[in-house]
Amino acid sequence: MSRFTLPRDLYYGKGSLDVLKTIKGKKAIVVVGGGSMKRFGFLDKVCNNLKEAGMEVRLFEGVEPDPSVETVMKGAAAMREFEPDWIVSIGGGSPIDAAKAMWVFYEYPNTTFEEIIQPFSFPELRQKARFLAIPSTSGTATEVTAFSVITDYQKGVKYPLADFNITPDVAIVDPELAETMPQTLTAHTGMDALTHAIEAYVSTMNSPFTDPLAMRAISMVFEYLPDSYNGDKNAREQMHYAQCMAGMAFSNALLGIVHSMAHKTGAAYSTGHIPHGCANAIYLPYVIQYNAKDATAKQRYADIARTVGLIGDDDQLVKALCEKIDSYNVRLNIPKTLKEFGVNEEEFLQKLPSVAELAVGDACTGSNPRSITPAQMADLLKCCYYGTPVNF
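Residues numbered from 1 in each chain as written. Predicted model: local features only at pLDDT ≥ 70, side-chain atom pairs only at ≥ 80, totals over all residues. Heavy atoms only, no water.

**Here we look at helix H12 (residues 295-307)**
Here comes step 1: Here H12 contains 13 residues, and its C-alpha end-to-end distance of 19 Å stays within 8% of the 18 Å for a straight helix at 1.5 Å per residue.
Here comes step 2: Buried within H12 are the following residues: Ala297, Arg300, Tyr301, Ala302, Ile304 and Ala305.
Here comes step 3: Contact partners of the buried residues in H12: helix H7 (183-202), helix H8 (210-229), helix H11 (276-291) and helix H13 (314-331).
Here comes step 4: The N-terminus of H12 is capped by Asp294, whose side-chain oxygen sits 3.1 Å from the backbone nitrogen of Thr296.
Here comes step 5: Residue Gly309 follows H12 closely and has a positive phi angle near 90°. (Helix = DSSP H or I, 4+ residues; strand = E, 2+ residues; numbered from the N terminus. Expected span 1.5 Å × (residues − 1). Buried < 20%, exposed > 50% of the residue type's maximum accessible area, 1.4 Å probe, protein only. Contact = heavy atoms within 4.5 Å. Polar contact = N/O pair within 3.5 Å; in protein donor to acceptor, adjacent residues only side chain to side chain.)

Okay, structure coming up:
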């Protein structure tokens, strides 16, 4: 038996924030990140709409990029004090991911972080509150997924939390919020969405329900991301929808080792944090080369390539798909290798065995179409560092 889970309601289109005026409840805590949602007036609109619905509203502000365990615990404490029946989060993936984790510790104060690291091990939520998510970026799709990524900075590790319990009840996908994204963020989140869709399509957990969503999202990202990067508002809107469909696909089909690698390298190096979408974009062509040694994965990558207009036999199509992704990275000013990104070579090699082992143990590895050992992962990461072909 398999499962397919999405939010109960998804509202989309310009002006869809106004649906907040119809939400029924008594108290709402709004979880938000930095100042951009406030500067552009979206935070005030959310709060005013909730108040118009008759709710008492409190803010939890300042969720950092790649939210920490400590921030999650502070937010949960604020929720326990306020006792909301709605948790509303607005912004990029970070505040929404953080709010999802806060939700667990709000409803279950005695639960420990270690207890929920194991995928699909969460206690039953919605005992105290429901969850509403409003994304401002076009990449993570956390507004429709069963995932949250939280960072333990003391250990230098990102933990992907996974449980259908944290799939939001309501998602509001209003493209006006995405119009404010800076260019670099547009590039990184767009390639994150592409990675979500491609990994969902080749995942061992793919299904007749996830395949159409993944494939349509792939086509839309290739069509609209360059114009979205250059500020076209219609393209921004279409990318906002594409990333959401990619999220619906991967939340149910799961992901693969591109994400395993990104999770475990993002905060690993002192020479600079690697933004999640940027890491995915760097690793994706190398992982395709690795996975395509599996016959089923090769056929699925070839299917993707045909759908986006590439021609040739399966081997040629896989090569052409990698080249197409590489060309998009060039257009979006994304580096091709970790060395080009700026990761120090000595530190990279020193940490390689532990990073490789952690990546193999990541929750996303299990649904990758080709198995991988720590030694193979180390070799694959070397290819991503130096830009060498994957021939194993």
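Having put the structure on the table, let's press on.
**Section: the pattern of salt bridges**
Here comes step 1: Inspection of every chain in the model, using the stated rule, returns 14 salt bridges.
Here comes step 2: Residue Asp18 is joined to Lys45 by a salt bridge in which the shortest nitrogen-to-oxygen separation is 4.0 Å. Residue Asp18 is found in the loop between strand E1 (9-12) and strand E2 (27-32), and its partner Lys45 is found in helix H2 (residues 42-52); the two are separated by 27 residues along the sequence.
Here comes step 3: Taking relative accessible area as the criterion, Asp18 reaches 33% and is therefore assigned partly exposed.
Here comes step 4: Residue class for Lys45 comes out partly exposed when judged on its relative accessible area of 31%.
Here comes step 5: As a salt-bridge pair, Asp326 and Lys336 come within 3.2 Å of each other at their nearest N and O atoms. Of this pair, Asp326 sits in helix H13 while Lys336 sits in the loop between H13 and helix H14 (338-341), and the two are 10 residues apart along the sequence. (Salt bridge = Lys/Arg side-chain N within 4 Å of Asp/Glu carboxyl O.)

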